[in-house]
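Survey of secondary and tertiary structure
Residues per chain, in single letters:
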Amino acid sequence: MSVLWITDEAAREQLGRLCGQATEVITADTAQSTEAFSWFRSARSSIAPHQAHCIARTEDGT
């Protein structure tokens with residue numbers, strides 16, 4: 001994993017615009033928004049049935 005710090009003001013503004021545009025496109029697509037929302041879990045009781053499907057891996061693949 002790595003972290004990229006965007007320190008250039010113009011680059012940050014461009015990234016902000018791109019994120020905003022992407023959000024608008026995603027939310028305008030009803031089918032995509034509905035599918036994405038299906039992954040949202042707001043309570044532990046709704047997480048538990050899906051935990052077996054989640055696998056965390058480290059960089060070395062373990």
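Residues numbered from 1 in each chain as written. Predicted model: local features only at pLDDT ≥ 70, side-chain atom pairs only at ≥ 80, totals over all residues. Heavy atoms only, no water.

Let's talk about the overall build of the protein
Along the backbone of the protein there are three helices and zero strands. Written out in order from the N terminus, the α and β elements of the protein read α-α-α. Of the accessible surface of the protein, which amounts to about 5,900 Å², a share of 61% is contributed by carbon and sulfur atoms. (Helix = DSSP H or I, 4+ residues; strand = E, 2+ residues; numbered from the N terminus. Areas by Shrake-Rupley, 256 points an atom, 1.4 Å probe, with all protein chains shown as cover.)

Quick word on the pattern of salt bridges
Where charged atoms from two side chains of opposite charge come close, those side chains can pair. Counted by the stated rule, this structure contains one salt bridge. With a closest N to O distance of 2.4 Å, Arg-12 and Glu-9 form a salt bridge. Of the two residues, Arg-12 and Glu-9 are both situated in helix 1 (residues 9-28); the distance of three residues between them amounts to about one turn of the helix. (Salt bridge = Lys/Arg side-chain N within 4 Å of Asp/Glu carboxyl O.)

Some details on a nonpolar patch on the surface
There is a patch of nonpolar side chains on the surface, built from Leu-4, Ile-6 and Leu-15 and spanning about 290 Å² of accessible area. Tracing the chain through its elements places Leu-15 in helix 1. Under the relative-accessibility criterion, Leu-15 is labelled partly exposed at 41%. (Patch = residues over 30% accessible without salt bridge, like charges linked within 9 Å, V, L, I, M, F, W, Y side chains within 5 Å. Buried < 20%, exposed > 50% of the residue type's maximum accessible area, 1.4 Å probe, protein only.)

With respect to helix 2 (residues 30-37)
Along helix 2, only zero of the eight residues are buried, which leaves the element largely exposed. Residue Asp-29 occupies the N-cap position of helix 2, its side-chain oxygen lying 3.2 Å from the main-chain nitrogen of Ala-31. (Polar contact = N/O pair within 3.5 Å; in protein donor to acceptor, adjacent residues only side chain to side chain.)

Let's talk about the confidence of the model for the protein
The predicted model of the protein has a mean per-residue pLDDT of 82, with 79% of residues at 70 or higher. Across the protein, the secondary-structure element scoring lowest on mean pLDDT is helix 3 (residues 44-47), at 76, and the one scoring highest is helix 1, at 94. (pLDDT = per-residue confidence, 0-100.)

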